[in-house]
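What follows is each chain in one-letter form.
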Amino acid sequence: MAAQLVNITTMPDILHFEFMRNALLAAILSSVACGIIGTYVVVRKIGFISGGIAHTAFGGIGLGYYLGVNPLLGIIPFSLAAALGIGLLTRKAKIAEDTAIGAFWAAGMAIGVILIGLTPGYAPNLFSYLFGNILTVPLSDLALILILDLMIAVMVWLFSKEFLAISFDEEYARISGLKTVRLDMLMLCLIALTVVIMVRVVGIVMVIALLTIPAAVARNFSRTLHGMMGLSILFSVAFSIAGLWLSWVFDVASGATIILVASIVFLATALVKARRISLSR
Amino acid sequence: MSDPVIVCDRLCVELGGTSVLLGVSLSVYEGDFIAVLGPNGGGKTTLLKTILGLVKPTSGTVTVFGEPPGHATGRIGYVPQSMFFDREFPISAWDVVLMGRLSRKKLMQRYNSADRRKVAEALEITGLSDLGSRRIGALSGGELQRVLIARALAADPDLLLLDEPTASVDPEMKTTIYDLLDRLRERHTIMLVTHDTGTIGRHVSRIACLNCSLDMHEKGSTLGRKALDSLYRYPVDIVEHIDSHGGSTGEHHDHA
């Protein structure tokens, strides 16, 4: 209902603004990555690793400011290093996963704080990297998001049978001769790239919500992993556009509104599910 | 005698500082249907995982088809315990069985019609042809168990390794699964581990008792009471080991 109303009345007006068109494009492009990768994050229950990767990326934002380059470019090495670091430490050095995540999470934030402190002057737009601002996405960032989107889609298409195997039954995948640790690292790197994409939309603090909620809601209606990916993308687009519109109407922060919309839908479906389970007992 | 498929020689495995397997020697020959019995924590699953190459032995050796573990990928069909699976995972029975073809494919290579034919065959053998499209969350314990057996069969293996195939199924389904294994033994060497001592003796050709160390019960052999007392430190069911295929009664194990 609400979405129809938007289409008929409000959206065309909004679309006269170029920044609004960019915002819509950013919402759709980022939803592709977070629907595909979020599906793996949810079925493998690795949301906390994803949160760790995202927060470590704050170091990259600091690096971007310090070197005077696009903070999004600074995030890429940091999130990839976090993905590989957390992944390899837990698998090769047998360090407890939550410990490794906590260490990287805090170290990344610390590096970011120090580098921003060392940067002369004040850090403009810092808030938008922390909590997202979909209304200020420049075309150059859209291009970067598109490239990362394509990389993720191609990788997932190439390795779909391997990724399904390590997600469903890692032990069996290993017995079948797959190099599961390498595939695992590849998947964590794809999560890292998704984090880069999502930073513009919801910021590093809230990436974890958009990476998990659309997929978690989609799982209730999906019979296959690919179906779940498709549905996650649709949910993510719906949350982003609904959040964007509400933030426009009420003049509040866009990233936070998107997350709130997603959270409310998530809670509603969780309650429906809980009710169904208690009725069937 | 035919070539041994699995040879364990004085195998010792330590996990987290405790000995799980202590000097286990065991040979499994082509055409064998061997059951490894023992209490929980007796090292049954560890023995399977060592044979699969998932666990490294502390000392001693294992060979599978004459090679170290992990080299005979594709010739081994492994059926893990079904209770450890995430039933919420959005995957159909068909796609689980298709995963059995993984060992026959190269990295990034896609499944083709030959793979799908194998899946259809495996589902047919396990009596699941009608359930292929069903999500695994909607299967009963016994159906999921048979899906996992079908997955192992889809790889066209020579050796089947099964971990507690009857642990999470009701008694009726147990019979179905043992009947299925009875049919499969004609084309496959089978090794299963179980703590289900009730009916297993009627189906298998050999029984091994494992509690860190291993006792082999060959046909016609008898074990001293003392040895049995030291193997099982608590009373267990009587295991009747009848060689149904020879028609004659084998030895009678009295596990006091």
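Residues numbered from 1 in each chain as written. Chains lettered and ligands numbered in written order. Predicted model: local features only at pLDDT ≥ 70, side-chain atom pairs only at ≥ 80, totals over all residues. Heavy atoms only, no water.

### With respect to the overall build of chain A
Line of reasoning, step 1. On a plain count of helices and strands, chain A comes out with 13 helices and zero strands.
Line of reasoning, step 2. A compact globule built from 281 residues should have a C-alpha radius of gyration of about 19 Å, and chain A, at 19 Å, falls within 12% of that.
Line of reasoning, step 3. If one aligns the C-alpha atoms of chain A with their principal axes, the spans along those axes are about 60 × 60 × 35 Å.
Line of reasoning, step 4. Residues counted as buried form 53% of the 281 residues belonging to chain A. (Helix = DSSP H or I, 4+ residues; strand = E, 2+ residues; numbered from the N terminus. Rg over C-alpha atoms; globule rule 2.2 N^0.38 Å. Buried < 20%, exposed > 50% of the residue type's maximum accessible area, 1.4 Å probe, protein only.)

### Regarding the overall build of chain B
Line of reasoning, step 1. Along the backbone of chain B there are six helices and 11 strands.
Line of reasoning, step 2. For chain B, with 256 residues in total, the buried portion stands at 51%.
Line of reasoning, step 3. Across chain B, every contact between residues at least 6 apart in sequence was considered, and the portion connecting residues at least 24 apart equals 69%.
Line of reasoning, step 4. Looking at chain B as shown, the accessible area adds up to about 11,200 Å², and 49% of this sits on carbon and sulfur atoms. (Contact = heavy atoms within 4.5 Å. Areas by Shrake-Rupley, 256 points an atom, 1.4 Å probe, with all protein chains shown as cover.)

### A look at the sheet that holds strand E4 (residues 59-64) of chain B
Residue and element names in this part refer to chain B.
Line of reasoning, step 1. Taken in spatial order, the three strands line up as E2-E1-E4 in an open sheet, and their pairing is antiparallel. Looking at strand neighbours, the two that pair on one side only are strand E2 (18-29) and E4, the edges of this open sheet. Going across the sheet, the axis of each strand differs from the next one's by a mean of 20°, ignoring polarity.
Line of reasoning, step 2. Looking at chain direction, strand E1 (residues 4-15) and E2 are connected through eight bridges and run antiparallel. Within E2, the residue paired with Ile6 across the bridge is Val28. (Pairing = 2+ DSSP bridges. Axes fitted to C-alpha atoms, helices over the stretch in contact; angles between N-to-C directions.)

### Comments concerning the environment of A:Val156
Line of reasoning, step 1. Considering the arrangement of structural elements, one finds A:Val156 in helix H8 (residues 139-158).
Line of reasoning, step 2. Setting aside chain neighbours within four positions, we find A:Val156 in contact with A:Ile36, A:Ile37, A:Tyr40, A:Phe163, A:Leu190 and A:Met229.

### Considerations on the pairing of strand E3 (residues 33-37) of chain B
All names here are of chain B.
Line of reasoning, step 1. With five of its five residues buried, E3 lies for the most part within the structure.
Line of reasoning, step 2. Pairing analysis gives five bridges linking E3 to strand E7 (residues 189-194), with the strands arranged parallel. The partner of Ala35 across the bridge, within E7, is Leu192.

### Digging into the nonpolar core
Generally speaking, a soluble globular protein has its nonpolar side chains buried in company with each other.
Line of reasoning, step 1. In terms of nonpolar packing, the biggest core is built from 131 residues, with A:Val156, A:Phe163, A:Val202 and B:Leu181 touching the most fellow members.
Line of reasoning, step 2. Ignoring any residue separated from it by four or fewer positions in sequence, one finds A:Val202 in contact with A:Leu130, A:Phe131, A:Gly132, A:Val207, A:Leu210, A:Gly255, A:Ile258 and A:Ile259.
Line of reasoning, step 3. Membership of the second largest hydrophobic core comes to 32 residues, among which are B:Cys8, B:Val36, B:Val62 and B:Ala208. (Core = buried A, V, L, I, M, F, W, Y, C linked by side-chain atoms within 4.5 Å.)

### Some details on the pairing of strand E8 (residues 206-211) of chain B
Residue and element names in this part refer to chain B.
Line of reasoning, step 1. Judged by how many residues are buried, E8 sits mostly within the fold: six of six residues are covered.
Line of reasoning, step 2. Because side chains alternate across E8, one face comprises the buried residues Arg206, Ala208 and Leu210, and the other comprises Ile207, Cys209 and Asn211, equally buried.
Line of reasoning, step 3. As paired elements, E3 and E8 share four bridges and run parallel to each other. Among the inter-strand pairings, Ala35 is bridged to a residue of E8, identified as Ile207.

### A look at the interface of chain A and chain B
Line of reasoning, step 1. Each side of the interface is counted separately: chain A has 28 residues, and chain B has 31 residues.
Line of reasoning, step 2. In total, chain A and chain B occlude about 2,700 Å² of area from one another, counting both sides; carbon and sulfur atoms represent 64% of this.
Line of reasoning, step 3. Three residues, A:Lys161, A:Phe168 and A:Tyr172, lead the burial of chain A against chain B; their summed loss comes to 30% of the area buried on that side.
Line of reasoning, step 4. Joining chain A to chain B, the criterion identifies four salt bridges.
Line of reasoning, step 5. Residue A:Glu171 pairs with B:Lys49 through a salt bridge whose shortest N-O separation is 2.9 Å.
Line of reasoning, step 6. For the pair chain A and chain B, the interface holds 13 residue pairs in polar contact (both at pLDDT 80 or more). (Buried area = accessible area lost by both parts, 1.4 Å probe. Salt bridge = Lys/Arg side-chain N within 4 Å of Asp/Glu carboxyl O. Polar contact = N/O pair within 3.5 Å; in protein donor to acceptor, adjacent residues only side chain to side chain.)

### Digging into the environment of B:Ser103
Line of reasoning, step 1. Summarising the element assignment, B:Ser103 is placed in the loop between helix H2 (93-98) and helix H3 (113-125).
Line of reasoning, step 2. As for B:Ser103 and B:Ala155, which are separated by 52 residues in sequence, their C-alpha atoms are 7.0 Å apart.
Line of reasoning, step 3. Apart from residues no more than four positions distant in its own chain, B:Ser103 is found in contact with A:Ser176, B:Thr73, B:Gly74 and B:Ala155.

### Examining the side chain of A:Ser167
Line of reasoning, step 1. Position of A:Ser167 relative to the elements: it lies in helix H9 (residues 160-168).
Line of reasoning, step 2. There is a polar contact of 2.6 Å between the side chain of A:Ser167 and the backbone oxygen of A:Phe163.
Line of reasoning, step 3. The residues contacting A:Ser167, other than those within four sequence positions of it, are A:Tyr40, A:Val43, A:Arg44, A:Met187 and B:Phe89.

### Thoughts on the packing of aromatic side chains
Line of reasoning, step 1. All chains considered together, the criterion is met by 10 aromatic pairs over all chains.
Line of reasoning, step 2. Their ring planes at 45° and their centres at 5.7 Å tell us that A:Phe48 and A:Trp105 sit as a pair that is tilted. Residue A:Phe48 is found in helix H3 (residues 47-56), and its partner A:Trp105 is found in helix H6 (residues 97-118); the two are separated by 57 residues along the sequence.
Line of reasoning, step 3. A relative accessible area of 26% means that A:Trp105 is categorised as partly exposed.
Line of reasoning, step 4. One aromatic cluster is present, formed by A:Tyr40, A:Phe159 and A:Phe163 through successive ring pairs.
Line of reasoning, step 5. Sitting over the face of the ring of B:Tyr111, A:Lys161 holds its NZ or CZ atom 6.0 Å from the ring centroid.
Line of reasoning, step 6. Stacked on the ring of A:Tyr172, the Lys or Arg B:Arg151 has its end atom at 3.6 Å from the ring centre. (Phe/Tyr/Trp six-rings, centres within 6.5 Å; stacked < 30°, edge-to-face > 60°. Lys NZ or Arg CZ within 6 Å of the ring centre and 35° of its normal.)

### Observations regarding the confidence of the model for chain A
Line of reasoning, step 1. With 95% of its residues at a pLDDT of 70 or more, chain A shows a mean pLDDT of 92.
Line of reasoning, step 2. The least confident element of chain A, judged by mean pLDDT, is helix H1 (residues 2-14) of chain A at 53; the most confident is H9(A) at 97. (pLDDT = per-residue confidence, 0-100.)

### Here we look at the side chain of B:Ser92
Line of reasoning, step 1. For B:Ser92, the location among the structural elements is in the loop between strand E5 (76-79) and H2.
Line of reasoning, step 2. Ignoring anything within four residues of it in the chain, the contact list for B:Ser92 reads A:Arg223, B:Gly132, B:Ser133, B:Arg134, B:Arg135 and B:Ile136.

### So, the packing of helix H4 (residues 141-154) of chain B against helix H5 (residues 171-184) of chain B
All names here are of chain B.
Line of reasoning, step 1. The geometry of H4 relative to H5 is characterised by a closest axis approach of 10 Å and an angle of 15° between their N-to-C directions. Here H5 runs roughly parallel to H4, going by the angle between their axes. Seen along the crossing, H4 lies across H5 with a hand that is right-handed. Across from Gly142, Glu143, Gln145, Arg146, Ile149 and Leu153 in H4, the residues of H5 making contact are Met173, Ile177, Leu180 and Leu184.
Line of reasoning, step 2. Of the residues in the contact of H4 with H5, the class split is six nonpolar, two polar and two charged. (Parallel < 35°, antiparallel > 145°, perpendicular 65-115°, else oblique. Left-handed = near helix turned anticlockwise from the far one by under 90°. Nonpolar A, V, L, I, M, F, W, Y, C, P; charged D, E, K, R; others polar.)

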